[in-house]
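# Residue-level structural notes
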Amino acid sequence: MSRPKVIVIVQEGRPLPPVERLDAEAEVVVVRSAEEFRAALPGAEILFLNDFRTKLLRDVGPGELRWIHTSSIGVDSLMTREIINGDIVVSNSRGVCERPIAEWVLGVLLMFTKDLRRTIELQQARTWQHRETEPLLGRKVLVVGPGPVGRETVLLLRAAGMDVSVVGRTAREDKQLGAIASFEELDLLLGEAQDVVLTVPLTEETRGLFNAARFDKMRQGARLVNVGRGAVVVEQDLLDAIDAGHLGAAALDVFANEPLAAENPLWSRSNILVSPHASGDLIGWRGRVVDCFAANLQKWKTGEPLNDIVDLKKLGGTAPKPLSQAGTVLPQSASIV
């Protein structure tokens, strides 16, 4: 296995990562369509996935792949029955996007508390208007999902002086994060938080987890930040909560359908920040994910254990189910990392 065949899936229209760095170690085949993927699969055991939105694995299947490495942290495009129940090793690119995403979260919370958007608007209008703003110190924040992104976010927000609580699958003590509450306490904690930050992955169980009933449980004027997956939030319910004045603002880096359509009303709300799924896109990130894959490729070739293996079977666990408007549980389960 001196130069194994590696398929690299890249989204149509997106830049090609610097895969030429792999030429000495592998036979690299770049694909962007189902036809190209299907043609490349024979003889390939390794897939380097650079399109977390791809449906190719669902539409075409994994063939005889033995290892899939994804450039993202999330693995929702790999959550197919064939892959979950198969013998394919899955690894991700931990350490590339977590800190940039956490910095983005801190940035938008600063923007909201210091009313920077209004400052820019007043500058554009050449209006000198003195205003008072909110403190960041001691602000109560709830981070939902203590995975890699959630962990980095908690640590950074606490370093900035915020009072951060964490909710995860089970109640436990963590060496870095301290007490993690269970999802059974989520609805109670929502009522205490001034800001709620979502860092959860998307599964069929977490889809729509934050709907109208859950927004009702958030405190008046609270703000929502979503850097997990868009479909975790019911967008129309969020709009209704914003328009009714129950929620104060939202910062969204992810959406149920991307790119966000020009006619989507989320664009038009002055208290909603729309970001094009770019919170983790630090300058040079494409090269860093190639380096992550290259390091794992060396391990694969020598038979060493890979870095950052993801056990898809263990992504589940008990989490609060999406609530109906009446507050009763809808007939579906929910699981979150």
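Please read all numbers here as calculations on a predicted model, not as lab measurements.

## So, the environment of Arg99
On the secondary structure map, Arg99 appears in helix α4 (residues 98–113). Residue contacts for Arg99: discarding those within four places in its chain leaves Glu152 and Leu156.

## Some details on the pattern of salt bridges
Applying the stated rule across the entire model yields 17 salt bridges. Ionic pairing is found between Arg21 and Asp291, a salt bridge with its closest N-O pair at 2.9 Å. Within this pair, whereas Arg21 is found in the loop between β1 (5–10) and β2 (27–31), its partner Asp291 is found in helix α10 (residues 285–302), the two being separated by 270 residues in sequence. Note on Arg21: relative accessible area 47%, which makes it partly exposed. Asp291 gets classed as partly exposed once you look at its relative accessible area, which sits at 41%.

## A word on the pairing of strand β12 (residues 247–252)
When you tally the buried positions in β12, you get five out of six residues, the bulk of the element. Of the pairings in the sheet, the one linking strand β11 (residues 222–226) to β12 comprises five bridges and is parallel in character. From the neighbouring strand, Val225 faces β12, where its bridge partner is Ala251. For the crossover that starts at β11, traverses helix α9 (residues 235–243) and ends in the parallel β12, the hand is right-handed. Strand direction decides the pairing type here: β12 and strand β13 (residues 272–274), joined by three bridges, are parallel. Counted as the bridge partner of Ala250 is Ile272 from β13.

## Concerning the environment of Arg172
Among the structural elements, Arg172 can be located in strand β8 (residues 172–174). Judged by relative accessible area, Arg172 falls into the partly exposed class, the value being 36%. Remark: the alpha-carbon pair of Arg172 and Pro15, spanning 157 residues in sequence, is separated by 42 Å. Not counting the four nearest positions on each side in its chain, Arg172 is found in contact with Pro146, Gly178, Ala179 and Ile180. Within the structure, the side chain of Arg172 is placed 2.8 Å from the backbone oxygen of Thr170, a separation counted as a polar contact.

## Quick word on the UniProt feature "domain: D-isomer specific 2-hydroxyacid dehydrogenase NAD-binding" (unreviewed entry) in the protein
The UniProt record marks residues 107–278 with the feature "domain: D-isomer specific 2-hydroxyacid dehydrogenase NAD-binding" (unreviewed entry), using the residue numbering of this structure. With 28% helix and 22% strand, the stretch residues 107–278 has end C-alpha atoms that lie 13 Å from each other.

## Some words on α10
The end-to-end C-alpha separation of α10 is 26 Å, in line with the 26 Å expected for 18 residues at 1.5 Å each. Those residues of α10 not exposed but buried are Trp285, Gly287, Val289, Val290, Phe293, Asn296, Leu297 and Trp300. Residues of α10 that are buried sit in contact with β1, β3 (46–50), β4 (67–70) and β5 (89–91). Looking one or two residues past α10, Gly303 carries a phi angle of roughly 80 degrees, positive in sign.

## Examining the packing of aromatic side chains
Two aromatic rings are characterised by how far apart their centres lie and by the angle between their planes. Taken as a whole and judged by the stated rule, the model has four aromatic pairs. With 4.4 Å between their ring centres and 5 degrees between their planes, Phe48 and Phe293 make a pair best called stacked. Placement of Phe48 in strand β3 and of Phe293 in helix α10 is noted, with a sequence separation of 245 residues between them. Of the two residues, Phe48 and Phe293, both sit in the buried class. A ring pair is formed by Phe210 and Phe215, whose centres lie 6.2 Å apart and whose planes are at 50 degrees; its orientation type is tilted. Its relative accessible area of 0% is what places Phe210 among the buried residues. Of the residues examined, Phe215 reaches a relative accessible area of 1% and is grouped as buried. Among the aromatic residues, ring-to-ring pairing joins Phe48, Trp67, Phe293 and Trp300 into one connected group.

Rules and cut-offs
All residue numbers refer to positions counted from 1 along the written sequence of the respective chain. Under the rules for a predicted model, residues below a pLDDT of 70 receive no local features and side-chain atom pairs below 80 are neither given nor counted, while totals for whole chains, interfaces and linings still include all residues. With hydrogens and water stripped out, all remaining heavy atoms of the structure feed into the side-chain values. Helix and strand labels come from DSSP, where a helix needs a run of H or I of at least four residues and a strand needs a run of E of at least two; each type is numbered from the N terminus. Pairs of residues are marked as contacts when any of their non-hydrogen atoms sit within 4.5 Å. Any Lys or Arg side-chain nitrogen found within 4 Å of a carboxyl oxygen on Asp or Glu counts as a salt bridge. Burial classes follow relative accessibility: with a 1.4 Å probe on protein chains only, a residue under 20% of its type's maximum area counts as buried, one over 50% as exposed, and anything between as partly exposed. In this analysis, strands are considered paired if DSSP registers two or more bridges between them. The definition of a right-handed crossover adopted here requires that, viewed with the strands pointing away, the path from the first strand over the helix to the second runs clockwise. Here a polar contact is recorded for every N or O atom pair within 3.5 Å, except that within protein the pair must consist of a potential hydrogen donor and a potential acceptor, and residues adjacent in sequence are included only if both atoms are side-chain atoms. UniProt positions are given in the numbering used here, feature names are shortened, and annotations may be inferred rather than shown by experiment. Expected span, for any helix, means 1.5 Å times one less than how many residues it has. Between the rings of Phe, Tyr and Trp (Trp by its six-membered ring), a pair exists once the centres lie within 6.5 Å; its type follows the angle of the planes, with under 30 degrees stacked, over 60 edge-to-face, and the other angles tilted.

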